[in-house]
Amino acid sequence: MKPVKRERLAQLMERVEEQLRRRSPQTLTIQNTEGLFRVAYEDILYCYSDRRQVTVVTQGREYPFYAKLDDVAQTLGSGFVRIHQRYLVRAKAVSSIQGSEVCVGPDRLPISRGLRQQAMAELTRSMLEDEAVEYILFSIASYVVYGGFLGFCHLDVLRRFLCLRPFWPCRI
């Protein structure tokens, strides 16, 4: 096995830094009868709708406002998964999936039969990506600390992870 070149490692570190920068806190602006609020995406556990009223649920508070859940889902983007006609969850906030329900904080939310397959795929992908990022960062830290080389299995996992990202090339 060839040792890893410093240039390639530097390119990899730049990619990881870019990914971390992309995770900078984004906020959702909510206006209701109580006032105007900014809620960080990472603080949102889930959103639910009741007719035309959407409620954003965080750890300490709920923010009701008038909108369509589809519009909120589009605004929030890919970190959120539609699990039911009435529910939209932040994928990273899901602690477990039990049968046809997801656990988000202290709440258990239903997964509809029609959205079950797509929701399960998106939630599973999110969980696997989290584990892959931690593993890659640990591998890079080990390389830097011990001055060794990234083993073959590390490079294989790294290649697979980078291929999951549409903005990263699949060759490293």
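Summary of the structure given here.

Calculation notes
Residues numbered from 1 in each chain as written. Predicted model: local features only at pLDDT ≥ 70, side-chain atom pairs only at ≥ 80, totals over all residues. Heavy atoms only, no water. Helix = DSSP H or I, 4+ residues; strand = E, 2+ residues; numbered from the N terminus. Contact = heavy atoms within 4.5 Å. Buried < 20%, exposed > 50% of the residue type's maximum accessible area, 1.4 Å probe, protein only. Salt bridge = Lys/Arg side-chain N within 4 Å of Asp/Glu carboxyl O. Pairing = 2+ DSSP bridges. Axes fitted to C-alpha atoms, helices over the stretch in contact; angles between N-to-C directions.

A look at the side chain of T55
Summarising the element assignment, T55 is placed in strand β4 (residues 53-58). Among all residues touching T55, those that are not within four sequence positions of it are Y46, C47, Y48, E62, Y63 and P64.

A few points about unusual backbone geometry
Phi is mostly negative for residues that are not glycine, and the peptide bonds are mostly trans. Within the chain, R51 stands out as a residue other than glycine whose phi angle is a positive 60 degrees. With respect to the helices and strands, R51 occurs in the loop between β3 (44-50) and β4. Residue R51 is classed as exposed on the basis of its relative accessible area, which comes to 77%.

Topic: the pattern of salt bridges
Any two side chains of opposite charge can pair, on the condition that their charged atoms come close. Applying the stated rule across the entire model yields three salt bridges. The salt bridge partner of D70 is R82, with a shortest N-O separation of 2.6 Å. Here D70 is found in helix α2 (residues 69-76), whereas its partner R82 is found in strand β6 (residues 80-82), with twelve residues between them in sequence.

Things to note about the sheet that holds β6
Strand order in the open sheet formed by five strands is β5-β4-β3-β7-β6, with antiparallel pairing between adjacent strands. If you trace the sheet from one side to the other, it starts and ends with β5 (62-66) and β6, each paired once. Sheet twist, expressed as the mean angle between neighbouring strand axes with direction ignored, is 20 degrees. One ladder, built from three bridges, connects β6 with strand β7 (residues 87-90); its direction is antiparallel.

Comments concerning the pairing of strand β2 (residues 35-40)
Of the pairings in the sheet, the one linking strand β1 (residues 27-32) to β2 comprises six bridges and is antiparallel in character. The residue of β2 that forms the bridge with I30 is F37. If you look at the hairpin formed by β1 and β2, you'll find two residues sitting between the two strands.

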